[in-house]
Amino acid sequence: GGAAEGRRAFGRTPIHDVPPLPNHRQWPRVDDITSHFDKPMKRKEYLSQPMPYRKVESQEDAKARREEFLFRRSLPSPMPFAVLHGHHHRITGDSTYRRWWHIDGELQIAGRIAQEIARVLMAKHKPIYDPSMILGDYVVVTNVEKLTWTGKNKLTNNKRRWHTGYPGGLKEVTYAQMMAEKPDQLLRMLVHFALPRNALRRERLKLLRIFTGPDHPHMNEDIEPMPQFRKCRSPWAKHRPRKDASYFSKKAQKYDVRGLDDKPWPELMDNHGEMMSLEEVEELRKAENQAMWTEEAKREHAEIFKHVPGYFDDEFPNIYEEKKGDKGDKKPKK
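Residues numbered from 1 in each chain as written. Predicted model: local features only at pLDDT ≥ 70, side-chain atom pairs only at ≥ 80, totals over all residues. Heavy atoms only, no water.

### Here we look at helix 12 (residues 295-305)
Buried within helix 12 are the following residues: Lys298, His301 and Ala302. The buried residues of helix 12 all sit within an arc of 95° when viewed along its axis, so they share a single face. Of the exposed residues in helix 12, those oriented more than 90 degrees away from the buried face are Glu296 and Ile304. (Buried < 20%, exposed > 50% of the residue type's maximum accessible area, 1.4 Å probe, protein only. Helix = DSSP H or I, 4+ residues; strand = E, 2+ residues; numbered from the N terminus. Arc of directions from axis to C-beta.)

### Considering the packing of aromatic side chains
All chains considered together, the criterion is met by 3 aromatic pairs. On the basis of an interplanar angle of 10° and a centroid distance of 4.1 Å, the ring pair of Trp100 and Tyr138 is categorised as stacked. With a gap of 38 residues between them, Trp100 in strand 3 (residues 100-104) and Tyr138 in strand 4 (residues 138-142) connect regions that are remote in the sequence. Exposure remark for Tyr138: the relative accessible area of 14% places this residue in the buried category. When the ring of Trp101 is compared with that of Phe229, the centres are 5.3 Å apart and the planes differ by 80°; the resulting orientation is edge-to-face. Note that Trp101 is positioned in strand 3 and Phe229 in the loop between strand 8 (223-225) and helix 10 (245-253), a separation of 128 residues in sequence. The exposure class of Trp101 is buried, given its relative accessible area of 4%. (Phe/Tyr/Trp six-rings, centres within 6.5 Å; stacked < 30°, edge-to-face > 60°.)

### Some words on the pattern of salt bridges
Overall, the coordinates contain 7 salt bridges when judged by the stated rule. Among the ionic pairs, Arg161 bridges to Glu172, the shortest N-O distance being 3.1 Å. Of this pair, Arg161 sits in strand 5 (residues 159-163) while Glu172 sits in strand 6 (residues 170-174), placing them 11 residues apart in sequence. A relative accessible area of 52% means that Arg161 is categorised as exposed. Judged by relative accessible area, Glu172 falls into the partly exposed class, the value being 44%. For Lys206, the salt bridge goes to Glu203, with nearest N and O atoms at 3.4 Å. Residue classification places Lys206 among the buried positions, given a relative accessible area of 18%. Through salt bridges with shared partners, a single network forms among Lys159, Arg161 and Glu172. (Salt bridge = Lys/Arg side-chain N within 4 Å of Asp/Glu carboxyl O.)

### Some remarks on the side chain of Asp130
Inspection of the secondary structure puts Asp130 in the loop between helix 5 (110-121) and strand 4. There is no salt bridge for the buried Asp130, and the closest opposite charge comes from Arg204, which lies 7.3 Å off by N-O distance. Reaching out from Asp130, the side chain makes a polar contact with the side chain of Ser132 at a distance of 2.5 Å. (Lys, Arg positive; Asp, Glu negative; His and termini not counted. Polar contact = N/O pair within 3.5 Å; in protein donor to acceptor, adjacent residues only side chain to side chain.)

### Quick notes on the sheet that holds strand 3
With parallel pairing, the 4 strands of this open sheet are ordered in space as 7-4-3-8. Each edge of the sheet is formed by a strand with only one pairing partner; in this case those strands are strand 7 (208-210) and strand 8. Geometrically, the sheet is characterised by an average inter-axis angle of 25° between neighbouring strands, direction not taken into account. Pairing analysis gives 3 bridges linking strand 4 to strand 7, with the strands arranged parallel. Paired with Val141 across the bridge in strand 7 is Ile210. Where helix 5 meets the sheet, its contacts fall on strand 3, strand 4 and strand 7, and the angle it forms with strand 4 comes to roughly 160°. (Pairing = 2+ DSSP bridges. Axes fitted to C-alpha atoms, helices over the stretch in contact; angles between N-to-C directions. Contact = heavy atoms within 4.5 Å.)

### Observations concerning the pairing of strand 5
Sheet analysis places strand 5 next to strand 6, joined by 5 bridges and oriented antiparallel. From the neighbouring strand, Trp162 faces strand 6, where its bridge partner is Lys171. What sits between the antiparallel neighbours strand 5 and strand 6 is a turn of 6 residues, in which Gly165 has the positive phi angle 100°.

### Some thoughts on the nonpolar core
Judged by nonpolar contacts, the single largest core of 34 residues is most densely connected at Ile117, Leu121, Val139, Val141, Leu187, Val191 and Leu208. Residue assignment for this core shows that the elements contributing at least two residues are strand 3, helix 5, strand 4, helix 7 (175-181), helix 8 (183-194) and strand 7. Considering every element that reaches this core, the biggest residue donor is helix 5, with 7 residues. If we skip the residues at most four places from it in the chain, Leu187 touches Ala110, Ala114, Val141, Val144, Leu147 and Ile210. Membership of the second largest hydrophobic core comes to 6 residues, among which are Leu84, Ile91, Met133 and Leu135. (Core = buried A, V, L, I, M, F, W, Y, C linked by side-chain atoms within 4.5 Å.)

Written out as C-alpha cells, the structure reads:
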C-alpha cells in the first residue's frame, strides 16, 4: 500500500490533462497565426494529391499559356542603365532606344544579308557600341524564301549536322532542303554563326524577326528600310565644324603644281598640307627675298658665283636687282 501511494502518475493530474479547446497555451502557435495565408504545398502534400499534379485545363488554355511563355521569352532583355566599358560613360534607357529596320529578302544574297544583320544586332553601327551590352536594333526580314546564293553547289554541298544523343543518331540536312522547308530557320542559323560565340548570342538573336512572304505583324512600329550603315563618329570625339561649300570652291580654284615625281611642290604646300594659290606663293617669295637678300648677302653671293661662266648672263634670271653704288655687284660685260 505504501509503495503504491509513493508512485507518481505523470500526466494524470488535472494540470497535465489537455483541455479540449486550443486556448490552453500562453502564446499561440505559428500555424494558428498563419492559417489564413495561402501557403505553397509541402512536397508530401504535392505528391499526395491525385494525378496529374497540374490542375485540369483545356487544350486551348494550355496552348495560350505556351504562346504567352514563348512570347515573353522572345523579348530582349531591357537596358535601363549601364556604364559602357570602352569609354566608361554612363548611359540610360533613352540613349539606348531601339529602332526597327526592315529587310526585303527578295534577290538578296543570304550570306551578305546575314553579315549586315549581325552588325546591327551587335550595335556596331552605333557610336555607343559596347561588346558586353545588348544595344542592337530590331531587324525584320520578309520574303526570306526568295534569298539568292552565289556559287553553283553551295545549296547542295553545305549541310547542317546534329546528333540526337543516341547511338547512330547523326543527322544531316542540306541547305537546299532547308530553303524548301524552313528558310527562316536557315537564315537564323547563318546569323547565329556570324555573331560572336558568347553568352549574349542568344539574347541578340531575340532582336531578329524572320517571316516568309511580304507580310509581318510589326507594321505598327516605326519601321524603316535598313540602309547600308557606315562607320559613324563617336559623340565623345572632339567636334570639328564642317567646312562650308565656299571653302571647297576656293580649294578647287587653287593650283595643283607637281614636279617630275608627280608630287606637289613643297613650297606650294602650307604647314597643314593645304595647297596654296599662286598669289599666296608670290607674296611668300617676296617676303622671303626681303628677309634673305640683304646687302651683305648679295655681295657674298656675287663673290662666290663670279667665276661661274654664264651665271650672270641673260639666260639666267638675276636674283637681285643691281645697285649702282656697289662696284662688286655690277653685272659683268660680255
